[in-house]
Amino acid sequence: MPLQGLHLYLFFFIIIIFFAIIPCYYCLQGDTLNHYLQEEDGYDSGAYPSYINSIEDGHFKVKIFDDKVGSISTSVHKVNVDDFKPNFDNNHDDDTEAFEKAWEEACSSEEGAVIVVPEKKYRLKPVRFSGPCKSNITVQIYGIIEASDDRSDYEEDERHWLVFDKVENLLVEGGGTIDGNGNIWWQNSCKVDKDLPCKDAPTALTFYRCQNLVVDNLTIQNAQQMHISFQRSKDVQVSNLNVTSPEHSPNTDGIHVTHTNNIQIANSSIGTGDDCISIVSGSQNVQAKNISCGPGHGISIGSLGSRHSKDYVSEVTIDGAEISGTTNGVRIKTWQGGSGIAKNIKFQNIEMHNVSNPIIINQYYCDHHKPCKEQKSAVKVKNVMYKNIKGTSATEVAIKFECSKAYPCQDILLQDVVLETEEAYQTAKALCNNVNLAELGLVLPQCPSLSSM
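What you see is a predicted model; the values in this text were computed from it and never measured.

So what's going on with the overall build of the protein chain? Residues and values would help.
When you go through the protein chain residue by residue, the secondary structure sums to three helices and 29 strands. Looking at the 453 residues of the protein chain, the share that counts as buried comes to 49%. Pairs at least 24 apart in sequence give 74% of the contacts found in the protein chain among residues at least 6 apart. Total accessible area on the protein chain is roughly 21,700 Å²; 49% of this is exposed by carbon and sulfur atoms.

Residues and numbers for the pairing of strand S16 (residues 255–258), please.
By the alternation rule, side chains of S16 split into Ile255 and Val257 and His256 and Thr258, which are all buried. The pairing of strand S14 (residues 228–231) with S16 spans four bridges and is classified as parallel. Each residue of the ladder has a partner; that of Ser229, found in S16, is His256. Examined bridge by bridge, S16 and strand S18 (residues 277–279) share three bridges and lie parallel to one another. Residue pairing for S18: Val257 is matched across the bridge by Ile279.

Quick one: what's the story with the environment of Ser449, residue by residue and with numbers?
Within the fold, Ser449 resides in the segment after strand S29 (435–444). Once the C-alpha coordinates of Ser449 and Asn436 are considered, the two residues, 13 residues apart in sequence, prove to be 10.0 Å apart.

Break down the nonpolar core for me, citing the residues and quoting the values.
Among the nonpolar cores identified, the biggest contains 97 residues, and Trp103, Phe207, Phe230, Phe347, Ile359, Tyr386 and Phe401 are the most heavily contacted of them. In terms of residues, this core owes the most to one element, strand S23 (residues 339–355), which gives six residues.

Lay out the side chain of Glu173 with the relevant residues and their values.
Positionally, Glu173 belongs in strand S10 (residues 168–173). Residue Glu173 is classed as buried on the basis of its relative accessible area of 10%.

I'd love a proper account of the state of the cysteines, names of residues and values included.
Inspection of every chain in the model, using the stated rule, returns six disulfides. Across a sulfur-sulfur distance of 2.1 Å, Cys107 and Cys133 are joined as a disulfide pair. Disulfide Cys107 to Cys133: torsion about the S-S bond roughly -105°, handedness left-handed. On the criterion of sequence distance, the pair formed by Cys107 in helix H2 (residues 96–107) and Cys133 in the loop between strand S6 (127–130) and strand S7 (137–141) is long-range, its members being 26 residues apart. Both residues of the pair, Cys107 and Cys133, belong to the buried class. In this model Cys276 forms its disulfide with Cys293; the gap between the sulfur atoms is 2.1 Å. Where Cys276 bonds to Cys293 through sulfur, the torsion about that S-S bond is close to 85°, and the disulfide is right-handed. Linking Cys276 in the loop between strand S17 (261–271) and S18 with Cys293 in strand S19 (residues 283–293), this pair joins segments that are 17 residues apart in sequence. The buried category is assigned to Cys293, whose relative accessible area is 1%. Taken N- to C-terminal, the disulfide-bonded cysteines of the protein chain are connected 1-2, 3-4, 5-6, 7-8, 9-10, 11-12.

Definitions and limits used
- Residues numbered from 1 in each chain as written.
- Predicted model: local features only at pLDDT ≥ 70, side-chain atom pairs only at ≥ 80, totals over all residues.
- Heavy atoms only, no water.
- Helix = DSSP H or I, 4+ residues; strand = E, 2+ residues; numbered from the N terminus.
- Buried < 20%, exposed > 50% of the residue type's maximum accessible area, 1.4 Å probe, protein only.
- Contact = heavy atoms within 4.5 Å.
- Areas by Shrake-Rupley, 256 points an atom, 1.4 Å probe, with all protein chains shown as cover.
- Pairing = 2+ DSSP bridges.
- Core = buried A, V, L, I, M, F, W, Y, C linked by side-chain atoms within 4.5 Å.
- Disulfide = S-S within 2.5 Å.

Put into structure tokens, the structure is as follows:
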């Protein structure tokens, strides 16, 4: 009996130690994680209470902000742009200075800042909101920010209107509107008037060299040229955007991605005069899901390889889209004479409605008035999957692979793709030149030959 009592005592002693150690272990684990985030990402949980998590989808990783800036901490500094306007100023022709001063104060705050744009109309000349900032910033846009339509205001920089430059841990949200007021630029485009020289026009909203960025719940409309561009940025979450311009507005890409890694675009409606989404050189780990596209030119990889450039795009997934009334559906476009590669691309779970060129790879892309000369080099296209794509084509040719003779498209897969023409009397066709292709499941129309190389 004494021996049994000793065993029982030891058993209870071990149980007590076990339950005492486990909570401490998890406590230490949490401290280690916070320390890691602070060292690796410059993340300060005290100043900025929005915790950063990681989404993983295959190779895709993007950091997002779960909570809004300032939603927990009471020490966040609130900055209202109206506080920087003169009391006697009833003139809405130029609010640029008020926005610049609001940004300067917010960016210099060490406790985190929220910039509030109230529910009224503001007019801005070109402005650059530059970092790095001392802490983390939310820009809450409730009103309408409208661009100056005086073209002389853009003489110093004809390619940008609103720019966020080198800002980390930035959240831009609020449900308001950014209006590029682009009509004057469209009228003076060489694509509208062939007699005019071709000149650059401003991108409405540019995020340049930004990291840990969230853009949510905004309307971006009537851009001078592109609506929103992510350039040389990293770890970006874009959601709930309404991007719109008239169908006739030239070069008004909806969302443009260039030299950007780890970006997710979700739950957004885009209808413009050019590509709904354009993904160009230097971009990797790009995911778009639940996208409504149209009117416009569809969802594009490229163009790539212009002016003999060496371009790279990889790890792109378009998952879940409804494309309606566009001149293209899902497209990869490259110029002759370039080099590099576009690879590891997925287009899946897409509905097409009256779309010209629903599926197209064009390695002979040419956007000049005169035909482009045939050249030997090309950007390679490899490992592209089209899965569960269904709907109607506005043209007889529903699938078109116009690949390079010198560098044929490699490892192209069509799986469960069914496309019909809008007209009952027409049968959809596929044109497939210089492509290494495989088909799985039901595929209609089919390429004339699976070994068309």
